[in-house]
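So you can see what is in the structure, the chains are spelled out below.
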Amino acid sequence: MSSRDTSDGTTASGSTTSPLRPPSDRVPCNKTGVCSRSYFVVVMVFFHVYIINVIALLFYVHYNNGQEDASLDAPSRNPQRTEARPPPSKPAPLRDVSLTRIEGIRVGHVQKVSLVPSKVHEMRTLSLKPLLFEIPGFLSEDECRVVMQLAQLKGLMESQLMVQEGQEELAKELNLSPEEIFNLLDINQDGQLQLHEILTHSRVRDGIWLTPENLREIYAGLKADKDGNDLLSLEEFKLLSNDAFQRFLLQRGLKRSQLVRNSKHTWLYQGKGAHQVLQDIKARVTRLTRLPPALVDLSEPLQVVRYEEGGHYHGHHDSGPVYPETACTHTRLAANTSAPFETSCRYITVLFYLNSVEGGGETAFPVADNRTYDEVSLIQNNVDLLDTRRNCDKSNLKVKPSKGTAVFWYNYLSDGKGWVGEQDEYALHGGCVVTRGTKWVANKWINIDPDYQRQARYQQLVSQQAEDEDDEGFPLNPDQHASDTHQEL
């Protein structure tokens with residue numbers, strides 16, 4: 001990647017907040033293909049997981065004690081509290097916030113940013129779609145070492161299980177017939193399901209990475225494609241149950257290379273009492289993104305990931321589109337909604353390279369700065385741009401891992417009124433296969449609900465929870481709330 005040093009400058013959105021439109025008035029997203037709203041509903045059926053835990057019960061109790069009607073500026077209502085009580089240490093409720101959004105100016109533009117005392121970092125624009133930046137030297141060598149050691153001390157777990165079973169009940173709840181599912185999956189509405197339509201569906205549902213060759217083998221094993229033309233008619237589709245692929249793959253056996261993600265990871269708490277390096281990184285991210293500290297405090301903990309040789313992560317989005325049928329994972333407990341599905345709402349991704357990889361391991365953005373975006377065109381002529389084991393070299397942009405470097409990008413567009421807008425489809429990215437050595441990275445996600453009022457209610461509930469915990473002598477742990485409700489994508 002070439003770069004040109006230019007004049008310094010950063011721009012931010014205005015400080016005044018325009019009236020926010022309600023969710024029902026959001027600008028419609030005219031999407032085609034697999035990211036359409038109807039397709040999204042069907043696909044979510046096959047991988048949705050309900051999260052029920054103690055935190056949910058606590059939030060539910062507070063919510064039903066009168067918090068659901070709280071507005072952005074309404075004070076917390078609790079008649080038993082006294083005025084003389086000292087204010088607790090907790091994230092402040094969201095109040096008339098307008099999100100600062102850094103401008104990229106042009107590819108190659110360099111801005112100087114002050115993130116730590118007595119040092120100036122250079123932030124280079126890598127792409128405008130998505131809005132993507134690179135900051136060399138964001139972490140020191142010692143900080144990289146400490147983060148890796150803390151992750152090893154805590155212990156890493158597999159980032160993805162092999163195959164999930166027993167998800168047909170969710171389809172029954174929506175009362176979808178085979179004909180309805182077939183029509184929703186039939187992207188081009190030609191009355192037949194092509195290989196790429198089935199591939200995209202199975203990858204999102206199962207987390208299994210199937211090639212066209214794998215799919216033909218499954219067709220043969222299930223005797224699904226009777227005429228052998230790589231197409232499924234409605235009649236052939238009706239012969240397959242929702243769990244047909246899973247059952248076949250369990251009997252056949254899976255290799256780790258066939259998973260969407262092949263890595264190990266853990267989560268590191270960054271709040272009060274955490275290791276000083278972890279707290280420093282969170283403070284630096286807050287200064288970098290120029291967002292209110294409360295939003296960063298209530299986001300997910302730091303995720304640390306290790307990819308061994310052969311490790312990879314196929315093309316994906318860190319956040320899902322938000323439709324009326326969905327709720328954000330991190331705010332769902334305060335959403336007062338019966339939406340059957342949920343998704344991670346990660347406004348910003350900050351990715352840190354903790355080491356320099358000997359071979360491979362680049363972060364690929366297959367469609368960065370494309371003139372247009374079309375999901376169907378991601379799989380054409382046996383070239384699958386989402387396949388980071390085969391086609392990373394065909395990505396528009398690749399970032400080579402370099403120890404201490406950070407890259408960050410926006411997963412959502414702006415709504416034009418100071419808040420989160422539609423999903424940025426160009427933020428599609430993946431981790432190229434590690435061909436030699438080991439790759440260590442860390443992710444800091446900033447969770448913000450595109451529904452302004454819902455985010456505000458969530459922050460007020462957490463603030464109320466913080467007061468109750470302070471009253472009882474328990475330490476506030478916002479990161480733990482976030483990690484308990486985390487959902488992988």
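For every chain, the first residue of the written sequence is number 1, and numbering continues from 1 onward in sequence order. Where local features are concerned, this predicted model is filtered to residues with pLDDT of at least 70; where side-chain atom pairs are given and counted, the filter is 80 or more; whole-chain, interface and lining totals use all residues. Note: side-chain values were computed over all heavy atoms of the structure, leaving out hydrogens and water.

Caption draft 1: Geometry of the overall build of the chain. A tally of helices and strands in the chain yields 13 helices and 22 strands. Counting over 489 residues, the chain shows a buried share of 56%. Whether two residues are in contact is decided by their heavy atoms, any of which lying within 4.5 Å being enough. Restricting to contacts in the chain with at least 6 residues of sequence separation, those with at least 24 account for 81%. In the structure as shown, the chain presents an accessible area of about 21400 Å², 51% of it carried by carbon and sulfur atoms. Strands are runs of DSSP state E lasting at least 2 residues, helices are runs of H or I lasting at least 4, and numbering of each runs from the N terminus. The buried label applies to any residue whose accessible area, calculated with a 1.4 Å probe on protein chains only, is under 20% of its type's maximum; exposed applies above 50%, and partly exposed to all values in between. We get accessible surface area from the Shrake-Rupley algorithm with a probe of 1.4 Å; when it comes to residues, only the shown protein chains can shield them.

Caption draft 2: Local environment of the nonpolar core. Joining through side-chain atoms within 4.5 Å is the link that ties buried Ala, Val, Leu, Ile, Met, Phe, Trp, Tyr and Cys residues into a set, and such a set is a nonpolar core. The biggest cluster of nonpolar side chains holds 46 residues, and the ones touching the most others in it are F352, L354 and F408. Those residues in contact with F408 that lie beyond four places of it in its chain are I102, M123, L131, L132, F133, I135, L288, I348, T349 and V350. Core analysis: the second largest hydrophobic core is formed by 18 residues, Y313, F365, V407 and V434 among them.

Caption draft 3: Molecular detail of helix α10 (residues 276-289). Taking 1.5 Å of rise per residue, the 14 residues of α10 would be expected to cover 20 Å, and the 20 Å separating its terminal C-alpha atoms lies within 8% of that figure. Taken together, the buried positions of α10 are V277, L278, I281, K282, R284, V285, T286, L288 and T289. Two residues or fewer after α10 comes R290, characterised by a positive phi angle close to 60°. Expected helix span is computed as 1.5 Å times (number of residues minus one).

Caption draft 4: Region of the structure containing the packing of aromatic side chains. Between the rings of Phe, Tyr and Trp (Trp by its six-membered ring), a pair exists once the centres lie within 6.5 Å; its type follows the angle of the planes, with under 30 degrees stacked, over 60 edge-to-face, and the other angles tilted. The tally for this structure, following the rule as stated, stands at eight aromatic pairs. Relative to F352, the ring of F138 lies with its centre 5.4 Å away and its plane at 35°, an arrangement referred to as tilted. Residue F138 is located in the loop between β3 (132-135) and α3 (141-154), and its partner F352 is located in strand β11 (residues 346-353); the two are separated by 214 residues in the primary sequence. Taken together, a centroid distance of 4.6 Å and an interplanar angle of 80° make the contact between W419 and Y452 edge-to-face. Placement of W419 in the loop between β18 (412-414) and β19 (420-423) and of Y452 in helix α12 (residues 452-472) is noted, with a sequence separation of 33 residues between them. For the pair shown, W419 and Y452 are each scored as buried. Within the aromatic cluster, the residues linked to one another by ring pairs are F133, Y347, F408 and Y410. Only when the NZ of Lys or the CZ of Arg is both within 6 Å of the ring centre and within 35 degrees of the ring normal is a charge said to sit over the ring. Above the plane of the ring of Y410 lies R101, whose end atom (NZ or CZ) is 4.3 Å from the centre. The side chain of R346 reaches across the aromatic face of W445, ending 3.7 Å from its centre.

Caption draft 5: Looking closely at the packing of α3 against α10. Close contact between α3 and α10 brings their axes to 10 Å; oriented N to C, the two are set at 120°. Between α3 and α10, the angle falls in the class oblique. The chirality of how α3 crosses α10 is left-handed. Residues E143, V146, V147 and L150 of α3 form the contact with α10, whose own contacting residues are V277, L278, I281 and R284. Its residues assigned to classes, the contact of α3 with α10 comprises six nonpolar, no polar and two charged. Interaxial angle, 0 to 180 degrees, is taken between N-to-C directions of lines fitted to C-alpha atoms, where a helix line uses only the stretch in contact. Throughout, the term roughly parallel applies to angles under 35 degrees, roughly antiparallel to angles over 145, roughly perpendicular to angles from 65 to 115, and oblique to all others. Each crossing gets its handedness from the near helix: less than a right angle anticlockwise from the far helix is left-handed, clockwise is right-handed. In this classification, Asp, Glu, Lys and Arg are treated as charged, Ala, Val, Leu, Ile, Met, Phe, Trp, Tyr, Cys and Pro as nonpolar, and every other residue, Gly included, as polar.

Caption draft 6: Main features of the sheet that holds strand β22 (residues 439-447). Here nine strands make up an open sheet; going across it, the order is β1-β2-β3-β17-β11-β22-β7-β6-β4 and the pairing antiparallel. For this open sheet the edge positions go to β1 (110-116) and β4 (157-158), each flanked by a neighbour on one side alone. In this description, strands pair whenever DSSP reports at least two bridges between them. Both β11 and strand β17 (residues 406-410) contribute to a ladder of five bridges, which runs antiparallel. Note on β17: the bridge partner recorded for L351 is V407. Of the strands in this sheet, β6 (264-268), β7 (302-307), β11 and β22 touch α3, which is tilted by about 100° from β6.

Caption draft 7: Spotlight on the state of the cysteines. Disulfides are defined as cysteine sulfur pairs within 2.5 Å. Scanning the entire structure with this criterion turns up two disulfides. Here C328 engages in a disulfide with C345; their sulfurs sit 2.0 Å apart. Measuring handedness by torsion sign, the sulfur bridge of C328 and C345 sits at about -85° and is left-handed. Separated by 17 residues along the polypeptide, C328 in strand β9 (residues 326-328) and C345 in the loop between β10 (341-343) and β11 bring together distant segments of the chain. Taken as a pair, C328 and C345 share a single burial class, namely buried. Between C392 and C432 runs a disulfide, and the two sulfur atoms are separated by 2.0 Å. Between C392 and C432, the S-S dihedral sits near -100°, and the bridge is therefore left-handed. Of this pair, C392 sits in the loop between β15 (383-384) and β16 (397-399) while C432 sits in the loop between β20 (429-431) and β21 (434-436); the two residues are 40 residues apart in sequence, bridging distant segments of the chain. Like C432, C392 is buried. Listing the disulfide partners of the chain by sequence rank of the bonded cysteines yields 1-2, 3-4.

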